[in-house]
Amino acid sequence: MNEYNTANTYNKNSQDVYEADSTRLARVDRLRKMMRHLNLDALIITRTDEHLSEYLSPDRERLAYITGFTGSAGTAVILENEHLVDRLKDHSVKNSANREIFLKNSAAIFVDGRYTIQAKIQTSPTMFDVFHFTTVKLEDWLITVLGSNARIGIDPKCISYNRFTSIKSALAPYQLELISTETNLIDDIWNDKPKYEPSPALIFEDHYNGNPSIEKRHLIAQILKEKNIDVTIISSSESVNWLLNIRGRDIPNLPVVKCFAAVYSCEEIEWFVDLRKIPENRISDFQHHFGNITYMEEDKLEDLINRLAKHKYSVYIDETSTNAWIIEKLKKSGIPLTFGPDLCEYPKACKNPTELKGMKRCHHKDAVAMCRFLSWLDHLTENLINASSELKPQALEIIKAQNEATLSNQLLKFREEQDGFIETSFDTISALGPNAAIIHYNHVNLNKPRALGQDPLYLVDSGGQYNEGTTDITRTVLVGPGLTDEMKERFTLVLKGMIALHQVRFPKGTFGGALDVLARAPLWQKGLNYDHGTGHGVGHCLNVHEGPQAISYRYGQTPLAPGMVTSVEPGYYKENEYGIRCENLCVVETVHDTQNQAEMLAFLPITYVPFDIRLIKKELLTDDERTWLNNYHLKVREIVREHLSDLEINWLLKATAAI
């Protein structure tokens, strides 16, 4: 990867980075000493916690602590022998296409397409090799560098059972043994680890959730009875929070209480949670809210397993959302297991009418905040964009005083003015120029965020958690001179792909993966593509990334169903230059074809914010696409106009003008 040379990007040659690298080297050295003590030849470090969460509390950011990489998905491997790769005769590993990839370091990190650039920027090139996980598999790397007869450690509480067994099976023919460590070795060397402070559990009222917890409990119990199974153990905090209709503040951007639950076919529930989160004076309120349940300390899961074994209970469990430690304990106890998807996942994804009403309401609020921000930004930059000659130094200084951080903060202020706003639904991706080519870029990781005034394009991907639901939106907008014909062409191709999914009708039973091609087709025709999914499910005042549905050729194997909320977000990224993404959230709804008397499904948008028509190469749009865009912009006017000032309304009328 070519590193950015601009003044405001992460510079690998800066002194502070060397100091950071030396700090991480000291941490890795301490880790290797522990590995030698435990007779481990390698250690796998995942980026997750006991609940296999995407979003983590600061004390669980172990991968970032040891590598410097702060993305939401990745796995690292560190060899005990730091010189082992140097001693190999053939410093290479075969990739998925059977081509050789050369190795430089005795540690590696494996990420997906969202993070290949970011991982190379954030990790030391003298400590970690960075691989796309589909190009070089972690297992192949281990087999290549270790050969055979080696011990590889891993914390079984921080990896799914499904992934754990997959790695174990791949290594077994080479006598490479996967060893479950008693503790997490990163925790053992993390001297200044942030202290975890439990926050109180909060009741998520029925007028928001639309389905009382007792009814949800009955649904899960009925499924267990039909399967003739006694109990299910739920590890996903989001699922337990949905089931009990509670929320919390344990994790930034994800309003949940971290917890486990056991749900019995007789409708009893045991809730495994830090009891400090349940004030004694509120227990009666909780019992009234979700019925009678048993409260258990969250570290008592082993006691649960022993009780289940004693009573010879059968257990239903999700091997993809449950950590390996739990399932290994269940298996060793001889408990009959049935594997299948988390029983809360599908009903949680199919939003009920109350949830959908709330999602639409919070998106209207979010649209107001976004339109006010885009109006503010446009007024700030209009002289820079339209200047026929150089701006006066004073005017230019006002613009350059704004950077990715201040822009993100300004957007947050507009959201905070909306009733029912809780927090952001993820760290805002506020990216100018080349930084927008880093798909999950975060300006917080820079010492000096990039300043406004030197780039034509700005990409802002952001969202909010509201009492009524969760939002997620991306817009790419013009903020300065230098817009090229290529940028306009590629923005238009991305927009065409987005419109294609908004216009498509599809039969019930269609997988999201089957529709992914529609968003990519305009780019493919020009030999272009993007290395991330086109759409992900979205929770209701829960995780902004929610399964099981997805619009992705890799993961979209769940049929789309009415009530599901999904993003539609094609993009294009030119490394070191610019990035483009357009994103709406849509609800899957039933539509009727009166001519053919057919019942079909469609994506109906709930996000209503203008697309920047200044970036559109109009001749590339068909008449149907122009009609769709013009109608969409009319709807934007209808929703947000009454909430804007006169100045903002003038901006809105220009931003939504027919093309």
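Because the structure is a prediction, the values reported are computed rather than measured. As a convention, each chain's residues are numbered from 1 in the sequence order in which they are written. Local features are withheld for residues below a pLDDT of 70 in this predicted model, meaning they are given only at 70 or higher, and side-chain atom pairs are given and counted only at 80 or more; totals for whole chains, interfaces and linings count all residues. Computation of side-chain values covers all heavy atoms of the structure but excludes hydrogens and water.

With that settled, consider the overall build of the chain. Helix and strand definitions here come from DSSP, where helices need a minimum of 4 consecutive H or I residues and strands a minimum of 2 consecutive E residues; each element is numbered from the N-terminal end. Counting its regular elements, the chain contains 21 helices and 30 strands. The C-alpha atoms of the chain give a radius of gyration of 26 Å, which matches the 26 Å a tight globule of 659 residues would have. Each principal axis of the C-alpha atoms in the chain carries an extent, and together these give about 75 × 60 × 50 Å. Excluding contacts between residues fewer than 6 apart, the proportion of contacts in the chain whose partners are at least 24 apart in sequence is 73%. Averaging the locations of the 73 positively and 88 negatively charged side chains of the chain gives two centres separated by 2 Å. As a reference, a globule follows 2.2 Å times the number of residues to the power 0.38, and the radius of gyration itself is taken over C-alpha atoms. Only heavy atoms matter for contacts: two residues are in contact if any of them lie within 4.5 Å across the pair. A positive count includes Lys and Arg, and a negative count includes Asp and Glu. His and the chain ends are not counted in either. In this description, the location of a charge corresponds to atom NZ of lysine, CZ of arginine, CG of aspartate or CD of glutamate.

Taken across its six residues, strand S25 (residues 546-551) has five buried, putting it largely inside the fold. One ladder, built from three bridges, connects strand S24 (residues 535-537) with S25; its direction is antiparallel. Within S25, the residue paired with His 536 across the bridge is Ala 550. Accessible area is worked out with a 1.4 Å probe on protein chains only. A residue is then buried under 20% of its type maximum, exposed over 50%, and partly exposed in between. Any two strands are treated as partners once DSSP identifies two or more bridges connecting them.

Take a nonpolar patch on the surface next. Each patch is built from residues that are more than 30% exposed by relative accessible area and take part in no salt bridge. Like charges join if they lie within 9 Å; nonpolar side chains (Val, Leu, Ile, Met, Phe, Trp, Tyr) join within 5 Å. Computed with the Shrake-Rupley method and a 1.4 Å probe, the accessible areas treat only the protein chains shown as cover for residues. Each salt bridge in this description consists of a side-chain nitrogen of Lys or Arg and a carboxyl oxygen of Asp or Glu lying within 4 Å of one another. Taken together, the side chains of Val 517, Leu 518 and Trp 524 present a nonpolar region at the surface, about 240 Å² in accessible area. Tracing the chain through its elements places Trp 524 in helix H19 (residues 516-524).

As a further point, take empty space enclosed by the protein. The distinction between a cavity and a pocket rests on a 1 Å grid over the protein atoms alone: a 1.4 Å probe fits inside a cavity but cannot get out, while a pocket stays open yet meets protein on both sides within 12 Å along at least five of seven lines, and a residue with an atom within 4 Å of a point counts as lining. Grid points are joined across faces, edges and corners, and a volume is the space filled by probe spheres set on the points. Under the counting rule described, the total for this entry stands at five cavities of 30 Å³ or more. What the second largest cavity holds in volume is close to 90 Å³. In terms of lining, the second largest cavity is formed by 13 residues, of which the most central are Ile 44, Ile 45, Thr 46, Asp 155 and Asn 184. When contributions to the lining of the second largest cavity are tallied by element, the ones reaching two or more residues are strand S1 (42-46) and helix H7 (185-189). For the lining of the second largest cavity, the leading source of residues is S1, giving four residues. Under this grouping Gly is polar, as are all residues other than the nonpolar Ala, Val, Leu, Ile, Met, Phe, Trp, Tyr, Cys and Pro and the charged Asp, Glu, Lys and Arg. Taken together, the residues of the lining of the second largest cavity break down into seven nonpolar, four polar and two charged.

Next up on the list: helix H17 (residues 404-416). An expected span of 1.5 Å times one less than the residue number is assigned to each helix. Here H17 spans 18 Å end to end across 13 residues, near enough to the 18 Å set by a 1.5 Å rise per residue. Residues Glu 404, Ala 405, Leu 407, Ser 408, Gln 410, Leu 411, Phe 414 and Arg 415 constitute the buried set of H17. Polar contacts, as used here, are pairs of N or O atoms within 3.5 Å; protein pairs need one atom able to donate a hydrogen and one able to accept it. Residues neighboring in sequence count only if both atoms are side-chain atoms. Where H17 begins, the side chain of Asn 403 points an oxygen toward the backbone nitrogen of Ala 405, at a separation of 2.9 Å.

Attention shifts here to the packing of aromatic side chains. Two aromatic rings are characterised by how far apart their centres lie and by the angle between their planes. Pairing of aromatic rings covers Phe, Tyr and Trp, the last counted by its six-membered ring, and requires centre-to-centre distances within 6.5 Å; plane angles under 30 degrees mean stacked, over 60 mean edge-to-face, and any other angle means tilted. For the coordinates displayed, the defined rule picks out 17 aromatic pairs. A ring pair is formed by Phe 69 and Tyr 115, whose centres lie 5.4 Å apart and whose planes are at 80 degrees; its orientation type is edge-to-face. Linking Phe 69 in the loop between helix H2 (62-67) and strand S2 (75-79) with Tyr 115 in the loop between strand S5 (107-111) and helix H4 (116-122), this pair joins segments that are 46 residues apart in sequence. Using a relative accessible area of 2% as the deciding quantity, one classes Tyr 115 as buried. Taking the centre distance of 6.1 Å and the plane angle of 75 degrees together, the rings of Tyr 264 and Tyr 313 count as edge-to-face.

Strand order in this open sheet of three strands is S17-S20-S21, and the pairing throughout is antiparallel. Here the strands that pair on one side only, and so sit at the sheet edges, are strand S17 (421-424) and strand S21 (469-470). With axes taken as lines fitted to C-alpha atoms, and helix axes fitted only over the stretch in contact, angles between N-to-C directions fall between 0 and 180 degrees. Those strands touched by H17 are S17 and strand S20 (464-466), and its axis lies near 160 degrees from that of S17.

Now for the pattern of salt bridges. On inspection of all chains with the given rule, the structure shows 37 salt bridges. Notably, a salt bridge pairs Glu 625 with Lys 496, separated by 2.8 Å at the nearest N-O pair. A residue pair is termed long-range when its members are at least 10 positions apart, and Glu 625 in helix H20 (residues 623-640) and Lys 496 in helix H18 (residues 485-503) qualify at 129 residues. Across the pair, Lys 496 and Glu 625 agree in class, each one buried.

Glancing now at the packing of helix H15 (residues 353-386) against H17. Running from amino to carboxyl end, H15 crosses H17 at an angle of 140 degrees, the nearest separation of the two axes being 8 Å. The orientation of H15 relative to H17 falls into the category oblique. As for how H15 packs across H17, the hand of that crossing is right-handed. Between H15 and H17, the contacting residues are Asp 366, Ala 369, Met 370, Arg 372, Phe 373, Trp 376 and Leu 377 on the first element and Leu 407, Gln 410, Leu 411, Phe 414 and Arg 415 on the second. The class makeup of the residues in the contact of H15 with H17 is eight nonpolar, one polar and three charged. Put simply, angles under 35 degrees are roughly parallel, angles over 145 are roughly antiparallel, angles from 65 to 115 are roughly perpendicular, and the rest are oblique. A clockwise turn of the near helix away from the far one marks a right-handed crossing, whereas an anticlockwise turn of less than a right angle marks a left-handed crossing.

A score from 0 to 100, pLDDT tells how confident the predictor is in each residue. Of all residues in the chain, 95% attain a pLDDT of 70 or more, and the chain-wide mean is 92. Below a pLDDT of 50 lies the segment residues 1-19, which in the model reaches 44 contacts outside its immediate sequence neighbourhood of four places, other chains included.

Our next topic: the nonpolar core. Among the nonpolar cores identified, the biggest contains 75 residues, and Phe 373, Leu 377, Tyr 458, Phe 603 and Val 640 are the most heavily contacted of them. Among the elements that line this core, the one with the most residues is H15, at eleven residues. In contact with Val 640, not counting residues within four places along its chain, are Ala 367, Val 368, Cys 371, Tyr 608 and Leu 652. Only buried residues count toward a nonpolar core, which is a set of Ala, Val, Leu, Ile, Met, Phe, Trp, Tyr and Cys residues joined through side-chain atoms within 4.5 Å. By size, the runner-up hydrophobic cluster in this structure holds 46 residues, among which are Ile 44, Val 93, Ile 152 and Phe 164.

Turning our eyes to something else, we now look at the environment of Tyr 208. Relative to the helices and strands, Tyr 208 is located in helix H8 (residues 206-209). Judged by its relative accessible area of 24%, Tyr 208 is partly exposed. In sequence terms Tyr 208 and Asp 112 are 96 residues apart; their C-alpha atoms lie 35 Å from each other. Excluding residues within four positions of it along the chain, Tyr 208 makes contact with Thr 354, Glu 355, Asn 467, Glu 468 and His 540.

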